[in-house]
Protein chains: 2
Amino acid sequence: MPRSGAEARSRLKQAALELYRENGFDKTTTAEIAARAGVTERTFFRHFPDKREVLFDGEADLREDLAQSVAEAPEGLAPLEILLRAFKNTGRIMERNLPFAEPRRDLIAATPTLRERNLAKAATLAEALAEALRERGVEDRLARLAAQAGWATFHHATQAWISDPTRSLDDYLDEAFADLRTLGAGVQLGQ
Amino acid sequence: MPRSGAEARSRLKQAALELYRENGFDKTTTAEIAARAGVTERTFFRHFPDKREVLFDGEADLREDLAQSVAEAPEGLAPLEILLRAFKNTGRIMERNLPFAEPRRDLIAATPTLRERNLAKAATLAEALAEALRERGVEDRLARLAAQAGWATFHHATQAWISDPTRSLDDYLDEAFADLRTLGAGVQLGQ
DNA sequence: AATGTGGTGTCAGTCACTGGCGCAACGGCC
DNA sequence: GGCCGTTGCGCCAGTGACTGACACCACATT
């Protein structure tokens, strides 16, 4: 039916999200998704390695985008400032598929197995950020810590933004990172 | 065959770990595990909700133990000091099953799906720690940050200890937390 | 026209996991 | 002693995620 393959892939994503929302993730079969997309179940698995991955399709692109942003940041910035810049840059990508983001977020929050996958993606993403920081000369453990804390903060900001997109994502990012900095002071014990 | 149920459960854990090591996680079936343990496949699933969970059996106990340790810590300590104390306390539990820990660690590192589950466990554990800190009056986001950083540090220490158990776990913990404190200074940008 | 390539349909198969039923071993309780 | 509720288990039948192999068709290259 479709010629390019990209069309089928896109229809599969659409159909999957719809069905997951209508009936829940566990109660929708891959056969149903394929049927709604007008292809065979086998074709579904040619495009996505498993049932969950449909919801995490952009992740690899996002990761590369962020890593490149970190690499291209100007000299002399502190690690967290570098990350904040990178997040603001690639935030534009997210703004394009906001309508996709909200149901996706709720779905992940409601489905344990999707939360697991989400955590895994977050981990590889943080690892990529840490690697990018390391290549700029940031010391290993500092890079890891900054990447983890930075990603967690980014995640927090995007979640808030998805819930109330009237304010800009950049606003949420600035706010969240400001919080992170003041928290950084408190972490220094022993006080 | 067994009367108590606890025996079968224990044999299942043993058999699973052995087979996972011998043939890899993906290439061992639940039927094989059950057979080696002298029970039916069905019984395997009566004891464990899925194939992965066999390797994470102690986690709930560990979580409750840690939460209680946090709750019982003396007044006037900084969050990370509370956590360090808690980790040292429940570290005794780990010292009991060191021989179980090393193959388990390698297996998880080598198997993506087990890494996912491991991350999920870490997340719920960190969440439990954060909740325990909150109940002591620690502010919400500080509690979350401390719990995440603290758990990551604990994890790091245990991994190192498993690799070289000649030094005590407490030593590794002291060292790792000292690093975390000095890093805490660096996180405070913007320098 | 011949040839190659990428996306797909079809079919058969494995394996994780679930529900339901019946049985047998225990532990109280009279 | 006999009665009975509970618990752990075997057995069977079924669903659904995922895989490998093969054939087909549309399209581009030459």
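This section reports on the structure supplied with the text. Since this is a predicted model, take the numbers as computed values, not measurements.

What to know about the overall build of chain A
So, point 1. Along the backbone of chain A there are nine helices and zero strands.
So, point 2. From first element to last, N terminus to C terminus, chain A shows the α and β order α-α-α-α-α-α-α-α-α.
So, point 3. Taken over the C-alpha atoms alone, chain A extends approximately 60 × 30 × 30 Å along its principal axes.
So, point 4. The buried share of chain A, reckoned over its 191 residues, is 30%.
So, point 5. Excluding contacts between residues fewer than 6 apart, the proportion of contacts in chain A whose partners are at least 24 apart in sequence is 59%.

Some words on the protein's contact with DNA strand C
So, point 1. If you check the shell around DNA strand C, you find 17 residues, and the closest are Gly5(A), Ala8(A), Thr40(A), Arg42(A) and Asp50(B).
So, point 2. Contributions of two or more residues to the surface near DNA strand C are made by α3 (41–47) of chain A together with α2 (30–37) and α3 (41–47) of chain B.
So, point 3. The dominant element in the surface near DNA strand C, judged by the number of residues it contributes, is α3(A), at three residues.
So, point 4. Considered class by class, the residues forming the surface near DNA strand C number six nonpolar, five polar and six charged.

Details of the nonpolar core
So, point 1. In terms of nonpolar packing, the biggest core is built from 62 residues, with Leu83(A), Leu129(A), Leu133(A), Leu83(B), Leu129(B) and Leu133(B) touching the most fellow members.
So, point 2. Those residues in contact with Leu129(A) that sit more than four places away from it in its chain are Leu66(A), Ala67(A), Val70(A), Leu83(A), Ala147(A), Gly150(A) and Trp151(A).

Considering the protein's contact with DNA strand D
So, point 1. Neighbouring DNA strand D are 18 residues, the closest being Lys51(A), Gly5(B), Ala8(B), Thr40(B) and Thr43(B).
So, point 2. Looking at the surface near DNA strand D, the elements with two or more residues in it are α2 (30–37) and α3 of chain A together with α3 of chain B.
So, point 3. For the surface near DNA strand D, the leading source of residues is α3(B), giving three residues.
So, point 4. Its residues placed into classes, the surface near DNA strand D shows seven nonpolar, five polar and six charged.

Some remarks on helix α5 (residues 79–96) of chain B
So, point 1. The end-to-end C-alpha distance of α5(B) is 27 Å, a good match for the 26 Å that 18 residues give at a rise of 1.5 Å each.
So, point 2. Maximum bend of α5(B): about 30°, positioned at Thr90(B).

Focus: helix α1 (residues 6–23) of chain B
One full turn of an α-helix is made of 3.6 residues, so residues set three or four places apart face in the same direction.
Residue and element names in this part refer to chain B.
So, point 1. Helix length check: α1 (18 residues) gives 26 Å between terminal C-alpha atoms against 26 Å at 1.5 Å per residue, within 8%.
So, point 2. Looking only at α1, the buried set comprises Ala8, Arg9, Leu12, Ala15, Ala16, Leu19 and Tyr20. For α1, the buried positions fall inside an angular range of 130° around the axis, keeping them on one side. Among the exposed residues of α1, those oriented more than 90 degrees off its buried face are Ala6 and Glu22.
So, point 3. In this fold, the buried residues of α1 make contact with α2, α3 and α6 (98–110).
So, point 4. Remark: glycine 24 follows α1 within two positions and exhibits a positive phi of approximately 90°.

Structural notes on the packing of helix α7 (residues 112–134) of chain A against helix α8 (residues 140–163) of chain A
All names here are of chain A.
So, point 1. Running from N to C, α7 and α8 point in directions that differ by 135°, and their axes come no closer than 8 Å. By the angle class used here, α7 and α8 are oblique. Where α7 crosses over α8, the two elements pack in a sense that is right-handed. Across from Ala122, Leu125, Ala126, Leu129, Ala130, Leu133 and Arg134 in α7, the residues of α8 making contact are Asp140, Ala143, Arg144, Ala146, Ala147, Gln148, Gly150, Trp151 and His155.
So, point 2. Per-class residue counts for the contact of α7 with α8 are ten nonpolar, three polar and three charged.

Description of the environment of Gly38(B)
Residues and elements named next belong to chain B.
So, point 1. In this structure, glycine 38 sits in the loop between α2 and α3.
So, point 2. Classification of glycine 38 by C-beta neighbours within 10 Å gives partly exposed; the count is 14.
So, point 3. As a C-alpha pair, glycine 38 and alanine 15 span 23 residues in sequence and 9.6 Å in three-dimensional space.

Structural notes on the environment of Pro74(B)
Residues and elements named next belong to chain B.
So, point 1. For proline 74, the location among the structural elements is in the loop between α4 (59–72) and α5.
So, point 2. By the C-beta count within 10 Å, which is 8 here, proline 74 ends up exposed.
So, point 3. When the C-alpha atoms of proline 74 and glutamate 32 are compared, they prove to be 49 Å apart, with 42 residues separating the residues in sequence.

Examining the packing of α1(B) against α6(B)
All names here are of chain B.
So, point 1. It is at 11 Å that the axes of α1 and α6 come closest, and there the two elements cross at 50°. Classed by the angle they form, the pair α1 and α6 counts as oblique. The way α1 lies across α6 gives a crossing that is left-handed. Touching Leu17, Tyr20 and Arg21 of α1 are Pro103, Arg104 and Leu107, all from α6.
So, point 2. A class-by-class count of the residues in the contact of α1 with α6 yields four nonpolar, no polar and two charged.

Remarks on the environment of Ala122(B)
Residues and elements named next belong to chain B.
So, point 1. Looking at where alanine 122 falls in the secondary structure, it is placed in helix α7 (residues 112–135).
So, point 2. Considering only alpha carbons, one finds alanine 122 and glutamate 59, 63 residues apart in sequence, at a separation of 9.3 Å.
So, point 3. Apart from residues no more than four positions distant in its own chain, alanine 122 is found in contact with Trp151 and His155.

Criteria and cut-off values
Residues numbered from 1 in each chain as written. Chains lettered and ligands numbered in written order. Predicted model: local features only at pLDDT ≥ 70, side-chain atom pairs only at ≥ 80, totals over all residues. Helix = DSSP H or I, 4+ residues; strand = E, 2+ residues; numbered from the N terminus. Buried ≥ 20, exposed ≤ 12 C-beta atoms within 10 Å, placed from the backbone. Contact = placed C-beta atoms within 7 Å. Near = placed C-beta within 6 Å. Nonpolar A, V, L, I, M, F, W, Y, C, P; charged D, E, K, R; others polar. Core = buried A, V, L, I, M, F, W, Y, C linked by C-beta atoms within 7 Å. Expected span 1.5 Å × (residues − 1). Bend = angle between axes of the 7 residues up to and from the residue. Arc of directions from axis to C-beta. Axes fitted to C-alpha atoms, helices over the stretch in contact; angles between N-to-C directions. Parallel < 35°, antiparallel > 145°, perpendicular 65-115°, else oblique. Left-handed = near helix turned anticlockwise from the far one by under 90°.

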